[in-house]
Amino acid sequence: MHGSRIVAVGHYQPARTLTNEDLAELVDTSDEWIRSRVGIRTRHVAGPEEPVDELAAHAGGKALAAAGLTADAIDLVLVATSTAIDRSPNMAARVAARLGIPSPCAMDVNVVCAGFTHALATADHTVRAGAATRALVIGADKMSEVTDWTDRTTCVLTGDGAGAAVIEACPPGEEPGIGPVLWGSVPEMGNAVRIEGTPPRFAQEGQSVYRWATTRLPPLAREACARAGLTPADLAGVVLHQANLRIIEPLAERIGATHAVVARDVIESGNTSAASIPMALSKLVERGELRSGDPVLLFGFGGNLSYAGQVVRCP
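Residues numbered from 1 in each chain as written. Predicted model: local features only at pLDDT ≥ 70, side-chain atom pairs only at ≥ 80, totals over all residues. Heavy atoms only, no water.

A. Layout of the overall build of the protein. Counting its regular elements, the protein contains 9 helices and 14 strands. Expected size for 315 residues packed as a compact globule is a radius of gyration near 20 Å; at 18 Å, the protein falls within 12% of this value. Burial status across the protein gives 57% buried among its 315 residues. Long-range pairs, those at least 24 residues apart, make up 76% of the contacts in the protein with a sequence separation of at least 6. For the protein, the computed accessible surface area is about 12,400 Å², with 49% contributed by carbon and sulfur atoms. When the 27 basic and 35 acidic side-chain charges of the protein are each reduced to a single mean position, those positions are 4 Å apart. (Helix = DSSP H or I, 4+ residues; strand = E, 2+ residues; numbered from the N terminus. Rg over C-alpha atoms; globule rule 2.2 N^0.38 Å. Buried < 20%, exposed > 50% of the residue type's maximum accessible area, 1.4 Å probe, protein only. Contact = heavy atoms within 4.5 Å. Areas by Shrake-Rupley, 256 points an atom, 1.4 Å probe, with all protein chains shown as cover. Lys, Arg positive; Asp, Glu negative; His and termini not counted. Charge placed at Lys NZ, Arg CZ, Asp CG, Glu CD.)

B. Inspection of unusual backbone geometry at higher detail. In this structure, Pro89 follows Ser88 across a cis peptide bond, with omega equal to 0 degrees. Note on placement: Pro89 falls in the loop between strand 4 (76-80) and helix 4 (91-99). Geometrically, the link from Asn304 to Leu305 is a cis peptide bond, its omega value of -15 degrees lying close to zero. Positive phi is not limited to glycine here, since Ser103 has a value of about 50 degrees. As for its placement among the helices and strands, Ser103 is situated in the loop between helix 4 and strand 5 (105-109). Its relative accessible area of 72% is what places Ser103 among the exposed residues.

C. Representation of the sheet that holds strand 12 (residues 261-262) in the model. Pairing is mixed across the open sheet formed by 5 strands, whose spatial order is 8-14-13-11-12. Strands with a single pairing partner mark the edges of an open sheet, and in this sheet they are strand 8 (182-185) and strand 12. With 4 bridges connecting them, strand 11 (residues 237-240) and strand 13 (residues 295-301) associate as parallel partners. In the sheet register, Leu240 faces strand 13, and the bridge partner there is Phe299. Relative to the sheet, helix 7 (residues 245-255) contacts strand 11, strand 12 and strand 13, its axis offset from that of strand 11 by approximately 135 degrees. (Pairing = 2+ DSSP bridges. Axes fitted to C-alpha atoms, helices over the stretch in contact; angles between N-to-C directions.)

D. Up close: the environment of Val186. In this structure, Val186 sits in the loop between strand 8 and strand 9 (193-196). Residues Val186 and Leu305 lie 119 residues apart in sequence; the distance between their C-alpha atoms is 5.2 Å. When neighbours within four sequence positions are excluded, Val186 is seen to be in contact with Trp212, Asn304 and Leu305.

E. Fine view of helix 6 (residues 206-227). Given a rise of 1.5 Å per residue, 22 residues ought to cover 32 Å, and the 30 Å separating the end C-alpha atoms of helix 6 matches this to within 8%. The sharpest bend along helix 6 measures roughly 45 degrees and falls at Leu217, with the proline Pro218 sitting one to four residues further on. Turning to helix 6, the residues buried within the fold contact strand 8, strand 9, helix 7, strand 13 and strand 14 (306-313). Two residues or fewer after helix 6 comes Gly229, characterised by a positive phi angle close to 80 degrees. (Expected span 1.5 Å × (residues − 1). Bend = angle between axes of the 7 residues up to and from the residue.)

F. Spatial organisation of the environment of Gly309. Along the chain, Gly309 falls in strand 14. Gly309 sits 130 residues away from Gly179 along the chain, and the two C-alpha atoms are 9.1 Å apart.

G. Representation of the nonpolar core within the structure. Membership of the largest hydrophobic core comes to 46 residues, with the highest contact counts inside it found for Trp212, Leu217, Leu235, Leu297, Phe299 and Phe301. Of all the secondary structure elements, the ones that give two or more residues to this core are helix 6, strand 11, helix 7, helix 8 (266-269), strand 13 and strand 14. In terms of nonpolar packing, the next biggest core, distinct from the first, is built from 32 residues, Ala119, Ala132, Ala135 and Val312 among them. (Core = buried A, V, L, I, M, F, W, Y, C linked by side-chain atoms within 4.5 Å.)

In C-alpha coordinates form, the structure reads like this:
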(Lines give C-alpha, C1' and ligand atoms only; values in the text may rest on other atoms or scores of the structure.)
Protein backbone atom coordinates (compact mmCIF):
# COMPACT_ATOMS: atom_id res chain seq x y z
CA MET A 1 0.00 0.00 0.00
CA HIS A 2 1.25 3.46 -0.90
CA GLY A 3 0.58 6.59 1.09
CA SER A 4 -1.62 9.41 -0.11
CA ARG A 5 -1.11 13.12 -0.63
CA ILE A 6 -3.02 16.38 -1.04
CA VAL A 7 -2.73 17.55 -4.64
CA ALA A 8 -4.84 20.71 -4.43
CA VAL A 9 -6.94 22.82 -2.07
CA GLY A 10 -9.69 25.41 -2.44
CA HIS A 11 -12.02 27.50 -0.30
CA TYR A 12 -15.20 29.56 -0.48
CA GLN A 13 -16.94 32.11 1.71
CA PRO A 14 -20.24 33.94 1.24
CA ALA A 15 -19.99 37.54 0.07
CA ARG A 16 -21.78 39.10 3.03
CA THR A 17 -19.58 40.10 5.96
CA LEU A 18 -20.68 40.88 9.49
CA THR A 19 -18.41 43.18 11.48
CA ASN A 20 -18.13 43.56 15.22
CA GLU A 21 -19.83 46.93 14.86
CA ASP A 22 -22.75 45.20 13.14
CA LEU A 23 -23.06 42.80 16.06
CA ALA A 24 -23.01 45.68 18.53
CA GLU A 25 -26.32 46.75 17.02
CA LEU A 26 -27.83 43.33 17.80
CA VAL A 27 -26.50 42.56 21.28
CA ASP A 28 -24.70 44.29 24.14
CA THR A 29 -21.13 44.03 22.86
CA SER A 30 -18.39 46.09 21.22
CA ASP A 31 -15.47 45.71 18.84
CA GLU A 32 -13.02 46.05 21.72
CA TRP A 33 -14.83 43.42 23.83
CA ILE A 34 -14.88 40.87 21.00
CA ARG A 35 -11.33 41.42 19.82
CA SER A 36 -9.87 41.31 23.32
CA ARG A 37 -11.58 38.00 24.12
CA VAL A 38 -11.56 36.02 20.89
CA GLY A 39 -9.57 38.11 18.37
CA ILE A 40 -12.31 38.14 15.72
CA ARG A 41 -12.92 41.25 13.59
CA THR A 42 -15.30 39.99 10.90
CA ARG A 43 -17.12 36.87 9.78
CA HIS A 44 -18.88 35.82 6.56
CA VAL A 45 -22.56 34.94 6.74
CA ALA A 46 -24.53 33.00 4.12
CA GLY A 47 -28.03 33.98 3.13
CA PRO A 48 -31.11 31.74 3.26
CA GLU A 49 -30.61 30.91 -0.43
CA GLU A 50 -27.08 29.57 0.22
CA PRO A 51 -27.31 26.05 1.72
CA VAL A 52 -24.35 24.15 3.11
CA ASP A 53 -23.97 21.98 0.02
CA GLU A 54 -23.65 25.08 -2.16
CA LEU A 55 -20.80 26.41 -0.02
CA ALA A 56 -19.17 22.98 -0.12
CA ALA A 57 -19.56 22.61 -3.89
CA HIS A 58 -17.96 26.00 -4.55
CA ALA A 59 -14.90 25.01 -2.47
CA GLY A 60 -14.78 21.54 -4.00
CA GLY A 61 -14.99 22.92 -7.52
CA LYS A 62 -12.08 25.24 -6.85
CA ALA A 63 -9.97 22.37 -5.49
CA LEU A 64 -10.76 20.25 -8.56
CA ALA A 65 -9.82 23.12 -10.87
CA ALA A 66 -6.56 23.69 -8.97
CA ALA A 67 -5.77 19.99 -9.36
CA GLY A 68 -6.50 20.14 -13.09
CA LEU A 69 -9.06 17.35 -12.73
CA THR A 70 -12.55 16.80 -14.01
CA ALA A 71 -15.38 15.51 -11.86
CA ASP A 72 -15.15 11.95 -13.20
CA ALA A 73 -11.68 11.57 -11.63
CA ILE A 74 -13.24 11.46 -8.13
CA ASP A 75 -14.64 8.25 -6.68
CA LEU A 76 -14.94 9.24 -3.00
CA VAL A 77 -16.63 12.37 -1.64
CA LEU A 78 -16.42 13.09 2.09
CA VAL A 79 -18.10 16.17 3.54
CA ALA A 80 -17.40 17.10 7.15
CA THR A 81 -20.30 19.13 8.51
CA SER A 82 -22.47 19.44 11.60
CA THR A 83 -24.99 21.88 10.13
CA ALA A 84 -26.82 19.65 7.64
CA ILE A 85 -30.51 20.28 8.29
CA ASP A 86 -31.84 17.34 6.29
CA ARG A 87 -31.04 13.74 7.18
CA SER A 88 -31.13 12.59 3.56
CA PRO A 89 -29.81 13.06 0.96
CA ASN A 90 -26.57 13.80 2.75
CA MET A 91 -24.30 16.72 1.95
CA ALA A 92 -21.77 14.54 0.11
CA ALA A 93 -24.42 13.25 -2.30
CA ARG A 94 -25.71 16.76 -2.90
CA VAL A 95 -22.20 18.07 -3.54
CA ALA A 96 -21.51 15.21 -5.93
CA ALA A 97 -24.69 16.07 -7.82
CA ARG A 98 -23.79 19.76 -8.00
CA LEU A 99 -20.31 19.00 -9.31
CA GLY A 100 -21.38 16.22 -11.66
CA ILE A 101 -19.29 13.52 -9.98
CA PRO A 102 -20.55 10.17 -11.32
CA SER A 103 -21.22 7.25 -8.91
CA PRO A 104 -18.87 8.17 -6.04
CA CYS A 105 -18.97 6.75 -2.55
CA ALA A 106 -20.55 9.75 -0.78
CA MET A 107 -20.47 10.11 3.01
CA ASP A 108 -20.86 12.84 5.59
CA VAL A 109 -18.60 13.02 8.64
CA ASN A 110 -20.03 14.76 11.71
CA VAL A 111 -17.21 15.41 14.16
CA VAL A 112 -18.01 19.13 14.35
CA CYS A 113 -14.84 21.27 14.54
CA ALA A 114 -12.53 18.26 14.12
CA GLY A 115 -14.56 17.00 11.18
CA PHE A 116 -12.13 17.87 8.40
CA THR A 117 -9.11 16.23 9.99
CA HIS A 118 -11.21 13.10 10.69
CA ALA A 119 -12.44 13.09 7.08
CA LEU A 120 -8.90 13.62 5.76
CA ALA A 121 -7.65 10.64 7.75
CA THR A 122 -10.55 8.54 6.50
CA ALA A 123 -9.77 9.47 2.89
CA ASP A 124 -6.08 8.69 3.44
CA HIS A 125 -6.90 5.26 4.86
CA THR A 126 -9.37 4.52 2.05
CA VAL A 127 -6.94 5.45 -0.71
CA ARG A 128 -4.11 3.54 0.99
CA ALA A 129 -6.32 0.45 1.12
CA GLY A 130 -7.12 0.73 -2.57
CA ALA A 131 -10.84 1.26 -1.99
CA ALA A 132 -10.72 4.66 -3.71
CA THR A 133 -8.50 6.29 -6.32
CA ARG A 134 -9.07 9.97 -5.67
CA ALA A 135 -11.06 11.65 -2.94
CA LEU A 136 -12.62 15.07 -2.58
CA VAL A 137 -12.61 15.99 1.11
CA ILE A 138 -14.60 19.05 2.17
CA GLY A 139 -15.23 20.82 5.45
CA ALA A 140 -18.32 23.01 5.23
CA ASP A 141 -20.56 24.60 7.84
CA LYS A 142 -23.26 27.22 7.95
CA MET A 143 -22.92 28.14 11.59
CA SER A 144 -25.14 31.21 11.18
CA GLU A 145 -28.11 28.85 10.83
CA VAL A 146 -27.56 27.34 14.30
CA THR A 147 -26.49 30.56 16.05
CA ASP A 148 -28.63 32.29 18.66
CA TRP A 149 -28.23 35.89 17.51
CA THR A 150 -29.49 37.15 20.89
CA ASP A 151 -26.70 35.40 22.85
CA ARG A 152 -23.67 37.68 22.95
CA THR A 153 -21.38 34.92 24.22
CA THR A 154 -21.80 32.79 21.08
CA CYS A 155 -23.09 35.01 18.26
CA VAL A 156 -19.78 36.89 18.16
CA LEU A 157 -17.92 33.67 17.35
CA THR A 158 -19.51 32.05 14.33
CA GLY A 159 -19.12 32.33 10.58
CA ASP A 160 -19.89 30.36 7.42
CA GLY A 161 -17.64 28.87 4.76
CA ALA A 162 -16.08 25.80 3.19
CA GLY A 163 -12.65 24.42 2.40
CA ALA A 164 -11.69 21.43 0.27
CA ALA A 165 -8.79 19.17 -0.64
CA VAL A 166 -8.22 16.64 -3.42
CA ILE A 167 -6.48 13.45 -2.22
CA GLU A 168 -4.78 10.80 -4.34
CA ALA A 169 -2.30 7.96 -3.92
CA CYS A 170 1.39 8.83 -3.90
CA PRO A 171 3.46 7.45 -6.78
CA PRO A 172 5.55 4.38 -5.87
CA GLY A 173 8.66 5.38 -3.96
CA GLU A 174 7.34 8.80 -2.91
CA GLU A 175 7.04 9.59 0.78
CA PRO A 176 3.44 9.88 2.03
CA GLY A 177 2.05 13.41 1.93
CA ILE A 178 -0.45 12.75 4.73
CA GLY A 179 1.02 11.56 8.00
CA PRO A 180 -0.51 9.14 10.50
CA VAL A 181 -3.51 10.56 12.31
CA LEU A 182 -3.71 11.04 16.07
CA TRP A 183 -7.37 11.07 16.99
CA GLY A 184 -9.58 10.55 20.00
CA SER A 185 -12.16 12.16 22.23
CA VAL A 186 -13.05 13.09 25.80
CA PRO A 187 -16.58 11.69 26.13
CA GLU A 188 -17.12 13.02 29.63
CA MET A 189 -16.70 16.54 28.20
CA GLY A 190 -19.01 15.88 25.27
CA ASN A 191 -21.46 18.60 26.30
CA ALA A 192 -18.80 21.29 26.43
CA VAL A 193 -19.50 22.14 22.77
CA ARG A 194 -22.90 21.24 21.36
CA ILE A 195 -25.53 21.92 18.70
CA GLU A 196 -28.81 20.76 20.20
CA GLY A 197 -32.54 21.38 20.35
CA THR A 198 -35.37 22.28 17.97
CA PRO A 199 -34.42 24.47 16.25
CA PRO A 200 -30.79 23.42 16.78
CA ARG A 201 -28.61 25.99 18.54
CA PHE A 202 -24.87 26.20 19.12
CA ALA A 203 -23.73 26.51 22.75
CA GLN A 204 -20.52 25.86 24.62
CA GLU A 205 -18.81 26.01 27.98
CA GLY A 206 -16.09 28.38 26.86
CA GLN A 207 -13.87 28.26 29.92
CA SER A 208 -13.83 24.47 30.02
CA VAL A 209 -12.88 24.27 26.36
CA TYR A 210 -10.20 26.95 26.79
CA ARG A 211 -8.60 25.14 29.75
CA TRP A 212 -8.67 21.78 27.99
CA ALA A 213 -7.27 23.13 24.71
CA THR A 214 -4.43 25.12 26.25
CA THR A 215 -3.32 22.37 28.65
CA ARG A 216 -4.15 19.02 27.04
CA LEU A 217 -3.65 19.74 23.35
CA PRO A 218 0.09 20.62 23.19
CA PRO A 219 1.33 17.09 24.00
CA LEU A 220 -1.24 15.62 21.59
CA ALA A 221 -0.05 17.92 18.81
CA ARG A 222 3.57 17.01 19.51
CA GLU A 223 2.63 13.32 19.30
CA ALA A 224 1.01 13.91 15.89
CA CYS A 225 4.33 15.37 14.73
CA ALA A 226 6.26 12.42 16.18
CA ARG A 227 4.03 9.99 14.28
CA ALA A 228 5.08 11.76 11.09
CA GLY A 229 8.74 11.45 12.06
CA LEU A 230 9.12 15.19 12.72
CA THR A 231 9.58 17.57 15.62
CA PRO A 232 7.47 20.72 15.99
CA ALA A 233 10.57 22.75 15.07
CA ASP A 234 10.51 21.06 11.64
CA LEU A 235 7.06 22.43 10.81
CA ALA A 236 6.64 25.15 8.20
CA GLY A 237 3.03 25.76 9.18
CA VAL A 238 0.49 25.17 11.94
CA VAL A 239 -3.22 25.19 11.14
CA LEU A 240 -5.29 24.67 14.25
CA HIS A 241 -9.07 24.78 14.42
CA GLN A 242 -9.88 28.48 14.17
CA ALA A 243 -11.92 28.75 17.36
CA ASN A 244 -10.37 31.66 19.22
CA LEU A 245 -7.16 33.62 18.66
CA ARG A 246 -6.52 33.44 22.42
CA ILE A 247 -6.37 29.65 22.09
CA ILE A 248 -4.48 29.49 18.79
CA GLU A 249 -1.51 31.71 19.66
CA PRO A 250 -0.63 30.13 23.04
CA LEU A 251 -1.13 26.65 21.60
CA ALA A 252 1.27 27.23 18.71
CA GLU A 253 3.86 28.51 21.18
CA ARG A 254 3.42 25.60 23.60
CA ILE A 255 3.64 23.05 20.80
CA GLY A 256 7.13 24.39 20.05
CA ALA A 257 6.60 25.23 16.37
CA THR A 258 9.19 27.97 16.49
CA HIS A 259 9.68 28.40 12.72
CA ALA A 260 6.11 27.84 11.56
CA VAL A 261 3.60 30.14 9.93
CA VAL A 262 0.55 30.05 12.21
CA ALA A 263 -2.90 30.32 10.61
CA ARG A 264 -4.94 33.18 12.10
CA ASP A 265 -7.89 33.14 9.73
CA VAL A 266 -10.24 33.32 12.74
CA ILE A 267 -9.61 37.08 12.74
CA GLU A 268 -11.34 37.51 9.38
CA SER A 269 -13.64 34.49 9.31
CA GLY A 270 -14.68 33.63 12.86
CA ASN A 271 -15.30 30.05 13.95
CA THR A 272 -16.48 28.14 10.88
CA SER A 273 -16.38 24.71 12.56
CA ALA A 274 -15.38 21.94 10.09
CA ALA A 275 -14.54 24.52 7.42
CA SER A 276 -11.95 26.35 9.49
CA ILE A 277 -8.87 24.16 8.92
CA PRO A 278 -9.17 23.55 5.16
CA MET A 279 -10.18 27.16 4.56
CA ALA A 280 -7.21 28.52 6.53
CA LEU A 281 -4.82 26.09 4.81
CA SER A 282 -6.13 27.04 1.36
CA LYS A 283 -5.64 30.74 2.08
CA LEU A 284 -2.04 30.22 3.24
CA VAL A 285 -1.29 28.27 0.06
CA GLU A 286 -3.06 30.83 -2.13
CA ARG A 287 -1.10 33.71 -0.61
CA GLY A 288 2.20 31.87 -1.02
CA GLU A 289 2.90 31.78 2.72
CA LEU A 290 3.37 28.02 2.42
CA ARG A 291 5.23 26.31 -0.43
CA SER A 292 4.73 22.97 -2.12
CA GLY A 293 6.13 20.19 0.05
CA ASP A 294 6.14 22.21 3.27
CA PRO A 295 5.20 20.14 6.35
CA VAL A 296 2.11 21.53 8.08
CA LEU A 297 0.40 20.36 11.23
CA LEU A 298 -3.39 20.27 10.98
CA PHE A 299 -5.20 19.83 14.30
CA GLY A 300 -8.93 19.99 14.87
CA PHE A 301 -10.72 19.96 18.22
CA GLY A 302 -14.13 20.87 19.57
CA GLY A 303 -17.54 19.22 19.64
CA ASN A 304 -17.96 15.81 21.28
CA LEU A 305 -15.11 16.71 22.68
CA SER A 306 -13.19 15.16 19.77
CA TYR A 307 -9.78 15.87 18.30
CA ALA A 308 -7.75 14.73 15.29
CA GLY A 309 -4.45 15.89 13.88
CA GLN A 310 -1.87 14.93 11.27
CA VAL A 311 1.11 16.43 9.47
CA VAL A 312 0.56 16.98 5.75
CA ARG A 313 2.75 18.18 2.91
CA CYS A 314 1.44 21.23 1.06
CA PRO A 315 0.32 20.65 -2.53
